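# Descriptive analysis of the structure
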Amino acid sequence: MCNMHCMHNLPLTCCLLTSYGCRGVMASARLVALRGSLVLNGILVLYLCAAWLSKSPTHQTPIRALQNQLPTSNPLQQLGEGVRVVDSAPLEEQGQGMQNQVDPVQVDSNPVDPGVALYNQGPPPPGDIPPPEVMGYAEMPMGRKTLEHEPPQEGPGEAEELPREVQESRGVTEHLQMEPIATDPPDPPLDSQERKMYPDLRECTTKPIRTFYQQRGEYWILENYIPAALSFRCDESITYTTHADYTFLDNLDPLTSRWQGPVSLSVYAPGTDFNHTINTILHLRDCWGEGIKKFVTFHLFFHVSHTPKKIPTTEELLRRKADCSLEPPKWANVTTYRQQKKLLYPVNVARNTARLAAQTYFVFPSDVELYPSTNFIPEFFKLLKQKDFSNSTVPRVFVFSIFEVKENVHPPETKDQLQAMLKKKDAIPFHKNVCAKCHNVPKSQEWQELPYTPGLKVFHIGKRKPPFHKWEPIYVGTNKEPLYDERLSWEGKSDKMTQMYILCVRDYEFHIMDNAFLVHRPGIKKLHKDPVRDKVVAKQNTAIKTKILPEYKTIFGIRKSCIID
């Protein structure tokens, strides 16, 4: 443009000088623009670094130092004055905030025709999945629950979970939901019994409460058929595993009020007993103590030759609500289908079913008419944190002492109450009048006389050796302990002796706990002669001696003084 102006208006020499001047001006302008761009880019980089560093608590000092080094006219300094550096939220809260956005997990438990063996149910056909409010359970590795009247949490990390006691006081619904665990339990001391004997406790896997049908031998098992409203992590509680028919289910009220933890109950329900069992369970869940609904998971089973005419699905049953104003189902002084058909009670099928379905690492196989002393579960986990009472590493179980009380007294809840009743003769050792040797606990008299002090500790370590070689202890253990022989019936007696033989051969220690005891439903037992049952006993004893014991000796070995009798 400069050249064209020169050519038309000025002499040649002047045009040349003017052309060189224009080019110099343009070069200077380019240099100024380049330098300005570099300055702006530098400012932008500093701005981005300051913004990034302000989000990290570990870089607070560099941010402040950077801001102080910048001139006040720098726009980044103005930005820095408005930056507030704060500590990051704890990792637990960040994780909770993220996990709270997880939708509830629903588990398909679509029961099928009991005429088909089911070992792993597949997904249901489209449209068969029930709505969440009637599912009644969920596959929840973390074992949490949803409460009635609890406002929903809409944002991540808004509020931490209330203690279980507060949640339970508000009531629970049938709709369970996955929620995060607030914190992991603290590591046990290095010299604790937990580290020594149960190093895998903290890595255990929580079983989901999922309805599952299976045929085992001659029986159909409906596992988790009516699930409890609460679910537990495998390492946070102990499952009381027990069994009954529907005429004994009224024992669940005092049992759950004392235990305050999960209960796995298998109920024998052949033929028409199945419908009576369902009606009784639903009435107890809705109209009796809240612990029945919260803690008890019911597994129903029956012989293949006595299959009920109709088996409602779990979803159908959880939709039903009992009318508590009506007369309750009759379960006392009735003649059951089992009695009419003269069916033997498969006690060990029931025991194994309840135990294998437990969610927790520790299990307590017991009888439904035995009520535990109070506050046992938290005290037991404290016991595991203490130094081991034993110097050995052989397997062990934790034994309860057992007592009976008169029919007109309230069962004791603590050892000091029990001791007072023993002095007044209102309580006696269990089966004292029926089979004293069966429950003759080592050092039982010393246990009774030892002054009461709060807490749980090991009082004595017993062995199943003479004169205690016929002892049938009831104990807390794990599912690593041997199961019960399902060929034996309750009517034939000696139904736990086969398991006791295995424990004896394996040299188990029986850790007898102070302050932990069981009390039978009020009423002192007396010995009654039953000629019909005596025939069953004789037949079962013959089977044990001629068939079962030889098998056990071959499979498990022999140890002096270990017998089945």
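Not measured: the values here are computed from a predicted model. (Residues numbered from 1 in each chain as written. Predicted model: local features only at pLDDT ≥ 70, side-chain atom pairs only at ≥ 80, totals over all residues. Heavy atoms only, no water.)

## Notes on the overall build of the protein
For the protein, the count of helices and strands is 18 helices and 12 strands. Counting over 565 residues, the protein shows a buried share of 47%. A separation of at least 24 residues holds for 82% of the contacts in the protein among residues at least 6 apart in sequence. Of the roughly 29100 Å² that the protein leaves accessible, carbon and sulfur atoms contribute 57%. (Helix = DSSP H or I, 4+ residues; strand = E, 2+ residues; numbered from the N terminus. Buried < 20%, exposed > 50% of the residue type's maximum accessible area, 1.4 Å probe, protein only. Contact = heavy atoms within 4.5 Å. Areas by Shrake-Rupley, 256 points an atom, 1.4 Å probe, with all protein chains shown as cover.)

## A closer look at unusual backbone geometry
For the bond from Pro466 to Pro467, the omega torsion is 5 degrees, close enough to zero to count as cis. Within the element layout of this structure, Pro467 appears in the loop between strand E10 (457-462) and strand E11 (474-478). Backbone geometry places Asp507, a non-glycine residue, at a positive phi of 60 degrees.

## Some remarks on the packing of helix H17 (residues 497-505) against helix H18 (residues 531-556)
One way to put it is that H17 packs onto H18 with a least axis distance of 11 Å and a crossing angle of 25 degrees. Comparing the axis directions of H17 and H18 gives the class roughly parallel. Seen from above, H17 lies across H18 with right-handed handedness. Where H17 approaches H18, its residues Thr498, Tyr501, Ile502 and Val505 are matched on the opposing element by Ile548, Leu549, Tyr552, Lys553 and Phe556. (Axes fitted to C-alpha atoms, helices over the stretch in contact; angles between N-to-C directions. Parallel < 35°, antiparallel > 145°, perpendicular 65-115°, else oblique. Left-handed = near helix turned anticlockwise from the far one by under 90°.)

## Observations regarding the pairing of strand E1 (residues 212-216)
Sheet analysis places E1 next to strand E2 (residues 219-226), joined by five bridges and oriented antiparallel. Bridge pairing in E2 places Gln215 opposite Trp220. The antiparallel hairpin formed by E1 and E2 contains two residues in its connecting segment, where Gly217 sits at a positive phi of about 65 degrees. (Pairing = 2+ DSSP bridges.)

## Here we look at the packing of aromatic side chains
Enumeration over the complete set of coordinates arrives at 26 aromatic pairs. Centroid distance Phe380 to Phe398: 5.1 Å. Interplanar angle 85 degrees. Geometry classified as edge-to-face. Linking Phe380 in helix H14 (residues 376-385) with Phe398 in strand E8 (residues 396-405), this pair joins segments that are 18 residues apart in sequence. Given a relative accessible area of 0%, Phe380 falls into the buried group. Assessed through its relative accessible area of 1%, Phe398 is described here as buried. Members of the aromatic cluster, joined through ring pairs, are Tyr198, Tyr240, Trp259, Tyr361, Phe362, Phe364, Phe376, Phe380, Phe381, Phe398 and Phe400. We note Lys415 situated over the ring of Trp447; from NZ or CZ to the ring centre the distance is 4.4 Å. (Phe/Tyr/Trp six-rings, centres within 6.5 Å; stacked < 30°, edge-to-face > 60°. Lys NZ or Arg CZ within 6 Å of the ring centre and 35° of its normal.)

## A word on helix H9 (residues 273-287)
End to end, H9 covers 21 Å across 15 residues, agreeing with the expected 21 Å (1.5 Å per residue, within 8%). When H9 is considered as a whole, its buried residues turn out to be Asp273, Phe274, Thr277, Ile278, Thr280, Ile281, Leu282, His283, Leu284 and Arg285. (Expected span 1.5 Å × (residues − 1).)

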